[in-house]
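What follows is each chain in one-letter form.
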Amino acid sequence: MRRIRCLVVAVAAAVGVEFGSAFTPRVPRVDARSPPAYSAAAPPLGSSPADVEPPTTAASDYMPPGDAIIMIKEKAMDRLVELKQKQADPSSPLILRMGVRNGGCSGLSYVMDFSTEEEIQDEDEVDDYSQEGIKCVVDAKSLLYLYGLELDYSDDLIGGGFKFFNPNAEESCGCGSSFGV
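Because the structure is predicted, anything quoted here is derived from the model rather than measured.

Draft legend 1. Layout of the nonpolar core. If you look at the biggest cluster of nonpolar residues, it comprises 22 residues, and the most contacted ones within it are Ile70, Ile72, Met98, Tyr129, Leu146 and Leu151. Elements with a minimum of two residues in this core: helix H2 (74-85), strand S4 (94-102) and strand S7 (134-138). Sequence-distant contacts of Leu146, that is, excluding residues within four places in its chain, are made with Ile69, Ile70, Met98, Gly99, Val100, Tyr110, Val138, Asn166 and Asn168.

The following block contains the structure:
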């Protein structure tokens, strides 16, 4: 019996319930008129993005080049730099290959993958972001469809990830991963 009492007291202490001398549970009082205390680490549910300070990242001084084939926005570059740091060799450049293929809801879908220096072909177009250590490679066939594309990143819980804004697309699907011309 003593073991069970010790176990119950230990479990109750772990979840924040106090026991009195008569072994009657006492739950800490909460004043319904005062708002609950939130931790500084997470914003309260229902807060707007303006209420939350954006995280600071390594590419915060990033300026996209004016002559790039694909304009990588600051949030997307921050995410790419973060992925680069997770590579086996973070000092080597991150090579992002972008293209299109047949398929998807609207006829063509975007393709994004990591590549290597050896896989870059002579006919590929390469945007070199040397300050960030990132290269964006587009094959010749996809260049017609991707020229002027803006690559952004969203960390939303629903629908987050890389976002494509393509000025060449005449139609796009709701998920944003395919388009038609």
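Picking up after the structure, the text goes on.
Draft legend 2. Examining the sheet that holds strand S8 (residues 150-154) more closely. One open sheet accounts for 3 strands, arranged S3-S8-S9; its pairing is mixed. Each having just a single partner strand, strand S3 (71-72) and strand S9 (161-165) make up the two edges of the open sheet. Note: S3 against S8, 2 bridges, orientation parallel. Each bridged residue has a counterpart across the sheet, and for Met71 the counterpart in S8 is Glu150. Of the strands in this sheet, S3, S8 and S9 are in contact with H2, which crosses S8 at around 70 degrees.

Draft legend 3. Here's a closer look at the environment of Lys163. Position of Lys163 relative to the elements: it lies in strand S9. Assessed through its relative accessible area of 26%, Lys163 is described here as partly exposed. Separated by 90 residues in sequence, Lys163 and Lys73 place their C-alpha atoms 10.0 Å apart. Not counting chain neighbours up to four residues away, the residues in contact with Lys163 comprise Glu150, Leu151, Asp152 and Ser154.

Draft legend 4. Broad picture of the pattern of salt bridges. Summed over the entire model, instances satisfying the criterion amount to 5 salt bridges. When the shortest N-O distance is used, the salt bridge between Glu150 and Lys73 registers 3.6 Å. Here the residue Glu150 occupies a position in strand S8, and Lys73 occupies one in the loop between S3 and H2, the gap between them amounting to 77 residues. You can call Glu150 partly exposed: its relative accessible area is 30%. Lys73 gets classed as partly exposed once you look at its relative accessible area, which sits at 34%.

Cut-offs applied
- Residues numbered from 1 in each chain as written.
- Predicted model: local features only at pLDDT ≥ 70, side-chain atom pairs only at ≥ 80, totals over all residues.
- Heavy atoms only, no water.
- Core = buried A, V, L, I, M, F, W, Y, C linked by side-chain atoms within 4.5 Å.
- Buried < 20%, exposed > 50% of the residue type's maximum accessible area, 1.4 Å probe, protein only.
- Helix = DSSP H or I, 4+ residues; strand = E, 2+ residues; numbered from the N terminus.
- Contact = heavy atoms within 4.5 Å.
- Pairing = 2+ DSSP bridges.
- Axes fitted to C-alpha atoms, helices over the stretch in contact; angles between N-to-C directions.
- Salt bridge = Lys/Arg side-chain N within 4 Å of Asp/Glu carboxyl O.

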